[in-house]
Structures are given as C-alpha cells and as structure tokens.
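What follows is the residue order along each chain.
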2 protein chains.
Amino acid sequence: MSEPTHPDQHPRTPSPRPGGRSARVRADVVAATLAEVTEKGYDSLTVEAVAARSGVHKATLYRRWGGVDGLVADALAASADQPWPLPDTGDLQEDLRRITQEVFTVFTDPEQSPTPTALIYAAQRSDAGAAALREFFAARHRQAAEVAQRAVARGELSAGTDGAEIIRAATAPLYYRLFVTGEPLEARTAERAADAAALAARAGLFTSAPADPEPDTAPTDPEPDTAPNAPTP
Amino acid sequence: MSEPTHPDQHPRTPSPRPGGRSARVRADVVAATLAEVTEKGYDSLTVEAVAARSGVHKATLYRRWGGVDGLVADALAASADQPWPLPDTGDLQEDLRRITQEVFTVFTDPEQSPTPTALIYAAQRSDAGAAALREFFAARHRQAAEVAQRAVARGELSAGTDGAEIIRAATAPLYYRLFVTGEPLEARTAERAADAAALAARAGLFTSAPADPEPDTAPTDPEPDTAPNAPTP
C-alpha cells in the first residue's frame, strides 16, 4: 500500500504539476486494487471495496475506470510503467539467466508472488484485462530485448535478431508451468530456459526472416486423427 | 457431441462388460460438460444444464461428480485418456516440429480451438480442475517423451535425457502466447520452438544432472529493486 494521501485535503491548491493530484489518486486506486485482488481474488473484487480502501469516491472510480475490469487493466498498465532492473553483464547467456532468475524469484517467493499471480489471473477474466495483459507483456518484451541489442552490438548475435523473441523463449518455460500446467517451478528450470534461449539465439534461430513462405494461419489438416476435444501436449 | 444414448432405456439389462453402462453415462456427461463449457464458459456452467444436455439425472451428477468442478476435472481426465498421434519420423527435430504444429493447429483452428481453450480456462478456476490440468499435462508430457526416448535409442541424444523436459521446452512458447500474454500465435513460432528445443536437447541441456548444487527454492535477494507488484517479463 502507498502512504495514505488524501486528495481532497487541498481542494483549493491544485498541484502545479500536470496530473499531480490525479496521479496521486491513481496511485492510491492502483494500490487498493492490487491489495483487494490479492486478498480476495477477481470474483470478490468490487468497486465499493476499492473505494473504501483507497479513500477515493465510488463515483470517481466508475467515472474514470468504468468498473472492476478497468481497475484491473489500469493496475497492469501501472505495473508496466514501473522500472525493473535489466541486467548488463556483458554476456547474453548470463543476462538471460538473471532475467529468468528474476521471474523465478518473483513468482516463487511467498512474499512477492501473490500479487502478480492474482493480477494475471484477474486480467484474463475480461477483454479489457486481457488487452492490458497483452500490452504489459509486449512492453516488458520490448524493454528486455535490450539485452539482445547489446549482444548484437558486441558481435555475439547477428544483426536482425528478434530480441523480444529471445525473451519470450527464455521466460515461456517458467510461465508455462506457473499459469498453464501448474507444475512446480524449480530454479534449474529458470537456468535451463535461459541457456536454451541463448543457444538458439546464437544459432540464429531468432533472426527475422526477410520473407515468410508460410502463411501465418493454421494449415488445414486433411485427416485430423486427434480427438477435437483433447488439448495436445 | 456423442450420439444421444439413453442410459435409462434398458434398466433391466445391465451391460455384461464391467463399467459398460457406467462408461456410456460418463461419455455422455463428459460430452455435455464440454459442450456447455465451450458455449457458455465456466461462469455459466451448471449441473442442471449438464443434466438436461446429457439426459443423466441431476442427482446422479451430484453423487458421482460432486458439482461443476468435478465435471470439469473429469472432462479433462477423459481428454487425457484419449489417444493422440505421436510422430515417428526418425528425426527428433522433425518429430518436435510435428508436435508443436499439432498444438498450433488445435489452438488456432476456429473449429478445434474453442473446446480445449475453454476447458483449460475452466480448469484453472478450482482446485479440482487445477489438479486435473496438472495431471493432464503430466500425462501428455510422459506420452510425448517417447520421441526423445527414440532419439536416445538412435544415438541422437545421450542417455539420461529428460524427455518430458524437451516436450515442455518445445511447447511452452506456444502456450505462453495462448494462455499468458495473449499475443497472436504464428506458424513460425511453432517451428522455431521445436527447433530450439531440439538444439538444446542435442547440446545436452536436458540431461538429468546427477546432483543439483542449487536448492530448488527461491534465493533471497538482498536488495530487491523491483517493485513487488510488477510482474517481470
């Protein structure tokens, strides 16, 4: 929780900085939304509870955020804006190991994991949340791609390497366990995933091909012999 | 949907095969659960609707499945029991490409994708569903690991290679987009993921280490400078 600022204490002295008071209100609302969704989950998230917790009027919440889904989406947008440490060890593999280690730590530490875990599940429950989730990860991929750009500059990777794709490759095995299969996440998984991504990147697997001969749509399988209801591995 | 069998039509002629009538009831209930969850989603899934659709008495559903979460869990368990085609091309990389291509097709084909997608999201909504989801993927990983065992037998991979881990590595980038980031899934992603997993497997990244010097728990970060509420990439 942020410190309890009271935006209505100085109604006649609006902040000289644009968005100053508005930014404080938003920070309070985001903090209250995160706390509520962490403690109670999406199914029990209400505008009333966020209003009570943040000290911001319910009418204001409805007007600016629309409802719970807008609150969840904005909490994700606020998270995307927060800086996070990007490693710069001078070695792609080591940089990737630190990134996957960070994901591992955030999602396995009992202190840190509940809020981002609850926020991701909550975001999946609405179109607005899903759009914010997509944008959140896109922003993180873009930011983290800098480790690949540095590797290109050092001559470790060839020009035209898709840095965001390396980040996805390195982190996907962790998120797959956390949010799809539910299998336990081990430290070794984080290291292996980073090493595999670095290996694939150095082998040139993530260079953007100038032209893609295959259409980006599902090919038609003339004889699907899998039961349509069975998710595959 | 399965054909509309009516388990109560022949109450005085129980099937001579053990579980014959019971198996038909289960197949009808699973089909009805899948149809309901696909059309209406978890939030609108009711035992009453599954009873009406399957022709199986509501009291029977409550007695044998407990409720909607038991129905979802059993639909997943039934999916896990269904056979699916395992490629055997004589080449690990090609086998993995076919596996990731299959996942790609199932989850991007408008005809095939709605049911497994809805089922996975529904399973995440309860402890019973999550346990069934974990078991479903564990079973699929075990089955698909056969492509790695064959590669070991051919001398393509060293003995002690963790086949399930290769399958996770190959498929995780697809499921990451589908169920975490929500980014569009492209055919090239499926091919790249298979190639990267094959490369890492051949480099020995997935051999089971005899002893793990690192504990499988989150290390304590003395100075966490990431905001705790911000999911990392």
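Above this note sits the structure.
Residues numbered from 1 in each chain as written. Chains lettered and ligands numbered in written order. Predicted model: local features only at pLDDT ≥ 70, side-chain atom pairs only at ≥ 80, totals over all residues. Heavy atoms only, no water.

**A short note on the overall build of chain A**
Counting its regular elements, chain A contains 10 helices and zero strands. The order of α-helices and β-strands along chain A, N terminus first, is α-α-α-α-α-α-α-α-α-α. In chain A, 64% of the contacts between residues at least 6 apart in sequence involve partners at least 24 apart. Summed over all atoms, the accessible surface of chain A reaches about 10600 Å², with 52% contributed by carbon and sulfur. (Helix = DSSP H or I, 4+ residues; strand = E, 2+ residues; numbered from the N terminus. Contact = heavy atoms within 4.5 Å. Areas by Shrake-Rupley, 256 points an atom, 1.4 Å probe, with all protein chains shown as cover.)

**Structural notes on the packing of aromatic side chains**
Residue and element names in this part refer to chain B. In total, this model carries 16 aromatic pairs over all chains according to the counting rule given. When the ring of Tyr175 is compared with that of Phe179, the centres are 6.2 Å apart and the planes differ by 25 degrees; the resulting orientation is stacked. Of this pair, Tyr175 and Phe179 are both found in helix H9 (residues 163–181), four residues apart, which corresponds to roughly one turn of the helix. Exposure class is identical for Tyr175 and Phe179. Each is buried. (Phe/Tyr/Trp six-rings, centres within 6.5 Å; stacked < 30°, edge-to-face > 60°. Buried < 20%, exposed > 50% of the residue type's maximum accessible area, 1.4 Å probe, protein only.)

**Brief notes about empty space enclosed by the protein**
One pass over the full model with this rule turns up two cavities of 30 Å³ or more. The wall of the largest cavity is formed by 24 residues, among which A:Ala169, A:Pro173, A:Ala196, B:Ala169 and B:Pro173 lie closest to the centre. Of all elements in the fold, only helix H9 (163–181) and helix H10 (187–202) of chain A together with H9 and helix H10 (187–202) of chain B reach the threshold of two or more residues within the lining of the largest cavity. Broken down by class, the residue content of the lining of the largest cavity amounts to 14 nonpolar, two polar and eight charged. (1 Å grid on protein atoms, 1.4 Å probe; cavity = no way out; pocket = protein on both sides within 12 Å on 5 of 7 lines; lining within 4 Å. Points joined across faces, edges and corners; volume = space filled by probe spheres on them. Nonpolar A, V, L, I, M, F, W, Y, C, P; charged D, E, K, R; others polar.)

**Quick word on helix H2 (residues 47–54) of chain B**
Residue and element names in this part refer to chain B. Looking at H2, one finds that the buried residues are Val47, Ala49, Val50, Ala51 and Ser54. The secondary structure elements touched by the buried residues of H2 are helix H1 (20–40), helix H3 (58–65) and helix H4 (68–81). After H2 finishes, the residue Gly55 shows a positive phi value of roughly 75 degrees.

**Here we look at the environment of A:Leu133**
Within the element layout of this structure, A:Leu133 appears in helix H7 (residues 127–144). Separated by 56 residues in the primary sequence, A:Leu133 and A:Ala77 place their C-alpha atoms 8.2 Å from one another. With near-sequence residues (within four places) excluded, A:Leu133 lies in contact with A:Leu76, A:Ile120, A:Ala123, A:Gln124, B:Val180 and B:Thr181.

**What about the layout of surface pockets?**
Of the voids in this model, the largest pocket is the one considered here, and its volume is about 1000 Å³. If you go around the largest pocket, you meet 43 residues; those closest to its centre are A:Tyr121, A:Gln124, B:Tyr121, B:Gln124 and B:Arg125. Contributing elements (two or more residues each) for the lining of the largest pocket: helix H1 (20–40), helix H6 (114–123), H7 and H9 of chain A together with helix H6 (114–123), helix H7 (127–144) and H9 of chain B. Among the elements that make up the lining of the largest pocket, the one with the highest residue count is H9(A) (five residues). Each residue belonging to the lining of the largest pocket can be placed in one class, and the counts come to 21 nonpolar, 12 polar and 10 charged.

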